[in-house]
Amino acid sequence: MQERVPITMKDIAQALGVSVATVSRALKDSPRISAERREAIKAYAREHNFSPNLLAESLRHSRVHPQRVIGVIMPQLNHFYFSSILSGIEEEASSRGYQIMVAQSDERYDREVRICQSFYENKVCGVIVSQAKDTVRYDHFQRLIDNGMPLVFFDRICTGLNSNRVVVDDYMGAFNAVSHLAESGCRRVAFYGSPMSLEISKNRYNGYHDALVRHGLPVDKRFVTVCDNRSDAEVITPDLMRMDNPPDAFFAVNDDTAIGILYTVKRLGFRVPQDISICGFTNGERAIACDPMLTTVEQRGKVVGEEAANILINKVEGIIPLDKVERRVVRTRLIVRGTTR
């Protein structure tokens, strides 16, 4: 006999023509739902192998439950920004009596799906996640939501879901950075970004584009490329510098990419910032370990982590209703150092 796949509260609601909230209340024996409807919903749930997240449910009604574990999915753990976010999550969680269980997707959709399933099976009380670069389907996230598990996105948000999220002000961070380049005399500014499937890359590109337009500078498509790591920057940058009228400035999606640009243009014989200005986005430890030190946009990763954990725990404990979507924006700050004029 084929094993039946567990269904979600959303599946039950659709099958019986009621709301998810009605299903949730019926399964909790709420007197707000008639006895007849409660029994019909429970019978359907039993028949179709429904399995609620009991830990999350118990935590929403008790602040003294002995096991309080939050699942955290990071794309990569070796980036300063993600590690600073993790620090913020852990600090906020610990201060409120929670532990975290951390997994790395390694930028892979298949790993991300497996991690979500593992977290659900291990009955974590909620999940905090930054999605992998190649994630374009969101059923694994929707399944957590449908089963009543609080979910909070940070940095790389899932635009396909109406979900809780904490992001930095990517647009204004990029706009202010490129405005600084323009106001310091740069006229041909290149943009190195992540794939445009990611919301952060769209927002940073839009900030870059609008800053150029605001300052009366051309948007040269030859200078816009997908490049979000140091090794690729070292390969791509020489080709741009061999063009007629090459860039005199670069805005990069992160510090590692910016440092790859810095290393390459110096190797090619250009002076920084006299010939080429460079601005990154993160303000990690490497930004002050290069020569000259890097002008960059500070993302305040620890604050992002604290905000994400705060939302998740407030959802678990019922301080914020599960059906209320919480969205928070952390402001960025431009840190001007030696790679810009």
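Quick summary incoming for the structure in this document.

Analysis parameters
- One numbering rule holds for all chains: residues counted from 1, following each sequence as written.
- Per-residue local features are limited, in this predicted model, to residues with pLDDT of at least 70; the limit for side-chain atom pairs, both in listing and counting, is 80 or more; totals at the level of whole chains, interfaces and linings are taken over all residues.
- The side-chain figures draw on all heavy atoms in the structure; neither hydrogens nor water molecules are used.
- For the purposes of this entry, the term helix denotes a DSSP run of H or I that reaches at least four residues, the term strand denotes a run of E that reaches at least two, and both are numbered from the N terminus.
- Multiplying one less than the number of residues by 1.5 Å gives the expected span of a helix.
- Classification of residues uses two cut-offs on accessible area relative to the type maximum, computed with a 1.4 Å probe and protein chains only: under 20% is buried, over 50% is exposed, and between them is partly exposed.
- In what follows, salt bridge is the name for a side-chain nitrogen of Lys or Arg lying within 4 Å of a carboxyl oxygen of Asp or Glu.
- For two strands to be treated as a pair, DSSP must find no fewer than two bridges joining them.
- To obtain an axis, a line is fitted to C-alpha atoms, over the contacting stretch when the element is a helix, and the angle between two such axes runs from 0 to 180 degrees between their N-to-C directions.
- Geometric relationships in this document are graded by angle, where less than 35 degrees denotes roughly parallel, more than 145 denotes roughly antiparallel, 65 to 115 denotes roughly perpendicular, and other angles denote oblique.
- Less than a right angle of anticlockwise turn of the near helix away from the far helix marks a crossing as left-handed, whereas a clockwise turn marks it as right-handed.
- It only takes one pair of heavy atoms within 4.5 Å for two residues to be counted as in contact.
- All residues other than Ala, Val, Leu, Ile, Met, Phe, Trp, Tyr, Cys, Pro, Asp, Glu, Lys and Arg, Gly among them, are scored as polar; the first ten of these are nonpolar and the last four charged.

### Thoughts on helix α5 (residues 80–95)
Point 1. A rise of 1.5 Å per residue sets the reference length of α5, with its 16 residues, at 22 Å; its end C-alpha atoms lie 23 Å apart and thus fit the reference within 8%.
Point 2. Along α5, the positions that sit buried rather than exposed are Y81, F82, S84, I85, L86, G88, I89, E92 and A93.
Point 3. Phi for G97, located one or two positions after α5, is positive at around 85°.

### Description of the pattern of salt bridges
Point 1. In this structure the tally under the stated criterion is 22 salt bridges.
Point 2. E107 serves as the salt-bridge partner of R156, at 2.6 Å between the closest nitrogen and oxygen. With R156 in the loop between β4 (151–154) and β5 (164–168) and E107 in the loop between β2 (99–104) and α6 (109–121), this pair connects stretches of sequence that are 49 residues apart.
Point 3. Of the residues examined, R156 reaches a relative accessible area of 8% and is grouped as buried.
Point 4. Residue D220 is joined to R222 by a salt bridge in which the shortest nitrogen-to-oxygen separation is 2.8 Å.
Point 5. When its relative accessible area of 23% is taken as the criterion, D220 is described as partly exposed.
Point 6. Here R222 falls in the partly exposed class, since its relative accessible area comes to 42%.
Point 7. Salt bridges here are not isolated pairs; linked through shared partners, they connect R68, E92, R96 and E317.

### Notes on the sheet that holds strand β3 (residues 126–129)
Point 1. Taking strand neighbours across the sheet as the criterion, the 6 strands line up as β2-β1-β3-β4-β5-β11 in an open arrangement whose pairing is parallel. Among the strands making up the open sheet, the edge pair consists of β2 and β11 (327–330). Averaged over all pairs of adjacent strands, the angle between strand axes in this sheet comes to 15°, irrespective of strand direction.
Point 2. Across 3 bridges, β3 lies against β4 in parallel orientation.

### Digging into the packing of α6 against helix α7 (residues 139–146)
Point 1. Here α6 crosses α7 at 15°, and the two axes come no closer than 9 Å. It follows that α6 is roughly parallel to α7 by the angle criterion. Seen from above, α6 lies across α7 with left-handed handedness. For the pair formed by α6 and α7, the contact residues are Y109, E112, V113, C116 and Y120 on the first element and H140, F141 and L144 on the second.
Point 2. Partitioning the contact of α6 with α7 into residue classes produces 6 nonpolar, 1 polar and 1 charged.

### Remarks on α7
Point 1. Within α7 the residues assigned to the buried category are H140, F141, L144 and D146.
Point 2. Turning to α7, the residues buried within the fold contact α1 (9–16), α6, β3 and β4.
Point 3. Once α7 finishes, G148 follows within two positions and takes phi at roughly 80°, a positive value.

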